[in-house]
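Read off the chains here:
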Amino acid sequence: MAARMAFSRLTRSLCEVGRSRSLLLQSARWVTSASKTLTVTMDDKTGIAEMSLNRPPVNSLSLEFMTEINIALEKLEHEKFCRGVIITSAIPKIFSAGLDILEMYQPKPERLSEFWKTLQDMWLLLFGSRLTTIAAINGHSPAGGALVAMSCDYRIMAPGFNIGLNETQLGIVPPFWFIDTMMHTIGSRQTELCCQKGLMLSTEEAARIGLVDKVVPLDQIASEAKAEMQSWLKIPVAAKLITKQTIRAPILEKLQTRQEADVQNFCNFAMKDSVQKSLGMYLENLKKKQKE
Ligand SMILES: CCCCC/C=C\C/C=C\C=C\CC(=O)SCCNC(=O)CCNC(=O)[C@H](O)C(C)(C)COP(=O)(O)OP(=O)(O)OC[C@H]1O[C@@H](n2cnc3c(N)ncnc32)[C@H](O)[C@@H]1OP(=O)(O)O
């Protein structure tokens, strides 16, 4: 329901030009929200915002972290001066490790469903955003991290990292809307290859199949993202947005019409003994890997 409301707000957003300006907006570059884990700045002159993820050690997406991201995304969505957002990471070598596996391992049922709803909302907000969205992928980006990147309009990635939907490697099934997002990005054959095998692709491999649009050295990723954004912002806004909505609406609607069922499916699936066992083993391996 919350996500449905969020979506209808998004589709109305083009008309929302009469809102008052945030009181925080006093200088050219301002901080719209800053916490330990998320910094969002906006350049008043260009209308370009930057959202920087900073949840050590690996920007894994917990319930609280995603809630924070969602609040920030909604805020930007409704800020009439904002035209685009660049999503990046403040953590060296990691864009996002995806969902926080600890949220899914031996969970409290109520929190688990809240966690999943919040993830759905994050995707609906990002994939359905009126803003031009660019992922500046400056580190590894597995699973939920790849979802965040794929939900953007454009992806720039630095060499030396991996990206992909690796769920099957964990013994879990990528949710249908993760798969839909990947199909939207790289087509169904490549998605099938990537998802069935749970492939984590190098930056160059990802670029070859269109999962990433541009490869640039790490030290140029921020400037390149801004330059790319400027070129997107030159396109007439209504034409660009209506085109985006035309292409993305059916994909968004598929989840919107099944949100509750998807939460239920996920919770039933995640609570299975076999899934819990796989997640436990996976977590153990992650920790072991650190000691080696
Ligand atoms: C039929 C109905 C079907 C319905 C749908 C059902 C199910 C779908 C369910 C789920 C979908 C899930 C999507 C996901 O996003 S799952 C998460 C997938 N992510 C990963 O597999 C990434 C795992 N991490 C890594 O590969 C590496 O950590 C990484 C490359 C990101 C970084 O490597 P690095 O060497 O720098 O760091 P590490 O030493 O490995 O890790 C440091 C520290 O962080 C912990 N950690 C890593 N990733 C996660 C994570 N995703 N969640 C929680 N914690 C994580 C790691 O354990 C270390 O912890 P500690 O030892 O320091 O305590």
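Residues numbered from 1 in each chain as written. Predicted model: local features only at pLDDT ≥ 70, side-chain atom pairs only at ≥ 80, totals over all residues.

Tracing the backbone shows I209 in the loop between α8 (203–208) and β11 (214–215). Sequence separation between I209 and R111 is 98 residues; the distance between their C-alpha atoms is 37 Å. Residues contacting I209, with those up to four places away along its chain left out, are I186 and Q190. (Helix = DSSP H or I, 4+ residues; strand = E, 2+ residues; numbered from the N terminus. Contact = placed C-beta atoms within 7 Å.)

What follows deals with the site of the ligand. Around the ligand there are 27 residues in total, and A97, G98, L99, A143 and G144 lie nearest to it. Mapped onto the shell around the ligand, the elements with two or more residues apiece are α3 (101–104), β7 (139–142), α11 (259–270) and α12 (273–291). The element that contributes the greatest number of residues to the shell around the ligand is α12, accounting for 4 residues. Split by residue class, the shell around the ligand holds 16 nonpolar, 7 polar and 4 charged. (Near = placed C-beta within 6 Å. Nonpolar A, V, L, I, M, F, W, Y, C, P; charged D, E, K, R; others polar.)

With that settled, the discussion passes to the confidence of the model for the protein. Averaged over every residue, the pLDDT of the protein is 90; residues scoring 70 or more account for 87%. Confidence over residues 1–27 falls short of pLDDT 50; this stretch has 35 contacts with residues more than four positions distant or in other chains. Scored as a whole, the predicted complex attains pTM 0.91, and scored at its interfaces, ipTM 0.96. (pLDDT = per-residue confidence, 0-100.)

Time to look at the packing of helix α5 (residues 144–151) against helix α6 (residues 176–186). If you want to describe how two helices pack, look at the angle between their axes and the distance between the axes. Across the interface, α5 lies against α6 with an axial gap of 10 Å and an inter-helix angle of 45°. Viewed along their axes, α5 and α6 adopt a mutual orientation that is oblique. In this structure, the crossing between α5 and α6 has a hand that is left-handed. Where α5 abuts α6, its residues L147, M150 and S151 lie against F178, T181, M182 and T185. When the residues that make up the contact of α5 with α6 are grouped by side-chain class, the tally is 4 nonpolar, 3 polar and no charged. (Axes fitted to C-alpha atoms, helices over the stretch in contact; angles between N-to-C directions. Parallel < 35°, antiparallel > 145°, perpendicular 65-115°, else oblique. Left-handed = near helix turned anticlockwise from the far one by under 90°.)

A cis amide bond links P56 to the next residue, P57, at an omega of 5°. Mapped onto the elements of the fold, P57 is located in the loop between β3 (48–53) and α2 (63–78). At Q106, a residue that is not glycine, the phi angle is positive and equals roughly 45°. For Q106, the location among the structural elements is in the loop between α3 and α4 (109–127). Judged by local crowding, Q106 falls into the exposed class, with 10 C-beta atoms found within 10 Å. If you check the backbone angles, A143 has positive phi at about 50° while not being a glycine. Relative to the assigned elements, A143 resides in the loop between β7 and α5. (Buried ≥ 20, exposed ≤ 12 C-beta atoms within 10 Å, placed from the backbone.)

What follows is about α5. α5 sits mainly inside the fold: 8 of its 8 residues count as buried. Residues of α5 that are buried include every one of G144, G145, A146, L147, V148, A149, M150 and S151, and no others.

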